[in-house]
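A look at the structure
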Amino acid sequence: MAFDCVIVGAGPAGMSAAVTLAEHGVRSLVLDRGAKAGGQIYRYAASSPLPDPSKLGPDYMSGAALINAFEACGADHVAGADVWHVGDDGRILYSIDGETRQIETREVLVCPGAIERPMPIPGWTLPGVMTAGAAQVMLKTDAIVAENAVFAGSGPLLYLVVAQYLRLGVKVAGLVDTTPRRNFLQAASAAPAALRSASLLHKGISLLSEIRRAGIPVYRQSVQLKLLGQTRVSGLSFYSNGLQQIEADTVFLHHGVIPNPNMTRALGLDHVWNEDQLAWHVKTDLYGQSSIPYIAVAGDGGAIVGGDGAHIEGRLAALNILMRLERISPETRDRLSRSPVGELRRLSQFRRFIDRLYRPSDALRLPQDEDTPVCRCEDQSVADLRAGFQLGARDPNALKSRTRCGMGPCQGRQCGPIVSDLLANWRGEHVSDVGYYRMRSPQRLLSLEELSRFKTVSSLQPRAREASR
Amino acid sequence: MKTADVLIIGGGIHGSSTAYHLAREGISVILLEKDYVARHASGVNAGGVRVLGRDLAEVPLSKISMQMWQTLDSELDADTGFRSTSMVYIAANEADITTLKQREARMNAAGHTHERIIDQRELRELLPYVHPSCTGGAVSQQDGHANPYRSTNAFRLAAERFGASIVEGTELRNLRRVGSSWIAQTPKGTFEAGTVVNCAGAWADKVALMIGDNVPLNHAAPMLMITARMPHFVEPVVGAVSRQLSFKQFENGTVLIGGGAKGFAERAANKTRLDYEKLANAARTTIDFFPIMTRAAINRMWAGLEAYMPDNLPVVSPSANAENAFHAFGFSAHGFQLGPIIGKVTADMILTGQPGFDLSAFRVDRYDRKVL
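This structure is a prediction, so every number in the text was calculated from the model and none was measured.

This next bit is on the packing of helix α3 (residues 59-70) of chain B against helix α10 (residues 339-352) of chain B. Residue and element names in this part refer to chain B. Close contact between α3 and α10 brings their axes to 7 Å; oriented N to C, the two are set at 110°. Taken together, the axis directions place α3 and α10 in an arrangement best described as roughly perpendicular. α10 is crossed by α3, and the crossing has right-handed handedness. Here Leu61, Ile64, Ser65, Met68 and Trp69 of α3 lie close against α10, whose contacting residues are Gly339, Pro340, Ile341, Ile342, Lys344 and Val345.

Laid out in structure tokens, this is it:
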């Protein structure tokens, strides 16, 4: 027996798709690496280790409702299922309990989520330098915080984490905001449309004023950021009304998120460059259907839409899958899609505003110094890559073969966007002509022993069902 | 129109090596590569550089090639990553030992003594982590491994230094003989040369057809996987007599596991798909022979597009049906080590008509119908 629909990832997109499928009698199989459903944004929202999780904000708390709906919908949720391969033939391989399981499915919905955009400023690979996303994972999973940390960069997630820290009474050494002044002008033209999402706008503004009221040092329009320290980070220097320097053991960097490309790339789905978000998007239709019809993508893994957008995209993808499985008619799909499509459109206008306001500057997106590391796994600097380029490696994959940049355990997740941008600069071509790494499975390190224990699964094991309880 | 003495189709190791050996003799060379140099089998293979276990017909070429590898870095002024680590074939049981002894007799009769049979004690000395039940094996001292992408590009860059023109991203659309010229049409214009060499790997049957030779070439996708770095535990390249086992550990600690299992090749799309169930078998075999590998973590799995002849021997030959046309392809997943000598031999065929080796086993027309 093959599965009707397998959903990879139990974040907002995957959960909402499972709920929609269940409403129409399709019991999906949801594979998720996490111990609990929720994805990154709603990580542990329904089972927080924090004494008062409401301090993380109403958005986070709203995740609990979706998690509860998902857990009640009857979908088979396999927690701890580490999907390491999704094939263009609809076969899925995942590790669980120390073995590899293979399943077949008619329809696949891939929800790999976002990763943080690399910020390759001098010293970004020093121990003690982390991302705002990592700060959130520590906070949500284990209630761990870093006292006296510096937060540097721009974007909603950065401000949210700072605000969450402040609400929890954690001392913050400073917020070094890199949003360039010109972004405000660029964003102004998108503001009228964004005003239709007044509540979202209000949320953002109140977050910023909350930080301001807390009285921590906030440095605006900061440039020329440099992490200090030899063997581990000791602080951050930058220019904002003159040269500034803050001492800190921990620096959290963040300047936006991009779709996690590894799974959709390894699948061979078509991707397109999006200049507004400065990132590759998976090419899909309105319903997330990819260049391979039986494979759909929803949520930030396709294009950055945020948690709310992911929720809606999951529903739309599910409606299309229901039609493809002939559970609903095309007319029903269209009728049921009307309202979510409208909502998504409204959100996307707000997103356009955010994209312009927090568009990362080239100086932070591209390493400016020859000795800045690009590939942390294989320790390759800009100069190393330039040498490889000069030896004829003009393609990202050729450069990888030449220098080993992108061959380490992260398989290019970190350096991929930087390498394509660097090559575009050096070649004097647009990044969309340069392309990206050829990705391959496994999605993460896979033990040889796990691979050797290979089993094809045609229905759910009792053990797997229990896992969802 | 761009013209040269010799036009080479295919920027793999054999095309690049041929370009080098011709260019250093002052011959003008244009090499057309449809993707980029070393994009396919030459750049993504397992990097094995071995004489061990070769078909008798290939051994003379392979032995000379192995000598060339020893000094290749200085000859090409490059870092091919070649390391002479030796290679060991493991005998799992007495039947394997018998197989090795029969092979040794044949090899010795032909005057080859580079493969040496070893007993269980020596096997364990060479491979301290091998499963204790393994009974012995064979070793070839000069064998080792190199970095495929870098090696292929070492030839390419050296050829360019001698004036060869390497044209990447240029697919051959049409090739025909007009008078005493070969005229090649590509999306980047027309190229003309007196002599053409077909080094087109998994696409070589299509080029052979344009030249006028039919060959039963097949293509497949041999699969590989590589681990994250692990503590050094094995020096020689490792194979097995009767099981699909093949791996090597590089200096950086990563372990590359091959074994010959094939995935699916979509030649027209430049794509390969993997057969994970077969990779699981390879994982099992590796752990069976080396229990220490239970700790290994796989970082990446891939397959290249490789050309196979029915007898698993290459075509290294003048065209059977056209003048001033030559072939070097179909290396059937063991051509990398032969790169240095094949470029030399092909250049010699073109320049002097004397390859210096008996190449009768590699004729392009060996599958043509024979009449008694």
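What follows concerns empty space enclosed by the protein. All names here are of chain A. According to the stated counting rule, one finds five cavities of 30 Å³ or more in the structure shown. One number sums up the size of the largest cavity: a volume of about 130 Å³. Within the residue set of the lining of the largest cavity, elements represented by two or more residues are β16 (257-259), β17 (271-274), β18 (279-282) and α14 (416-427). Broken down by element, the residue count for the lining of the largest cavity peaks at three residues, all from β18.

All names here are of chain B. On the secondary structure map, threonine 186 appears in strand β10 (residues 181-186). The class of threonine 186 is buried, set by a relative accessible area of 9%. A polar contact of 2.9 Å, which involves the side chain of threonine 186, links it to the backbone nitrogen of lysine 188. Within the structure, the side chain of threonine 186 is placed 2.8 Å from the backbone oxygen of glycine 189, a separation counted as a polar contact. Those residues in contact with threonine 186 that lie beyond four places of it in its chain are Leu32, Thr170, Glu171, Leu172, Arg173 and Phe191.

Moving on, we come to the domain arrangement of chain B. Residues and elements named next belong to chain B. Looking at chain B, the domain boundaries give domain 1 (2-52 + 148-216 + 310-362) and domain 2 (87-141 + 222-303). For domain 1 and domain 2, the distance between their C-alpha centroids amounts to 30 Å. Between domain 1 and domain 2, the residue contacts involve 16 residues of the former and 16 residues of the latter. Taken over both partners, the interface formed by domain 1 and domain 2 buries close to 1,200 Å², and the fraction arising from carbon and sulfur atoms is 58%.

Calculation criteria
- Residues numbered from 1 in each chain as written.
- Chains lettered and ligands numbered in written order.
- Predicted model: local features only at pLDDT ≥ 70, side-chain atom pairs only at ≥ 80, totals over all residues.
- Heavy atoms only, no water.
- Axes fitted to C-alpha atoms, helices over the stretch in contact; angles between N-to-C directions.
- Helix = DSSP H or I, 4+ residues; strand = E, 2+ residues; numbered from the N terminus.
- Parallel < 35°, antiparallel > 145°, perpendicular 65-115°, else oblique.
- Left-handed = near helix turned anticlockwise from the far one by under 90°.
- Contact = heavy atoms within 4.5 Å.
- 1 Å grid on protein atoms, 1.4 Å probe; cavity = no way out; pocket = protein on both sides within 12 Å on 5 of 7 lines; lining within 4 Å.
- Points joined across faces, edges and corners; volume = space filled by probe spheres on them.
- Buried < 20%, exposed > 50% of the residue type's maximum accessible area, 1.4 Å probe, protein only.
- Polar contact = N/O pair within 3.5 Å; in protein donor to acceptor, adjacent residues only side chain to side chain.
- Domains from an automatic or database assignment.
- Buried area = accessible area lost by both parts, 1.4 Å probe.

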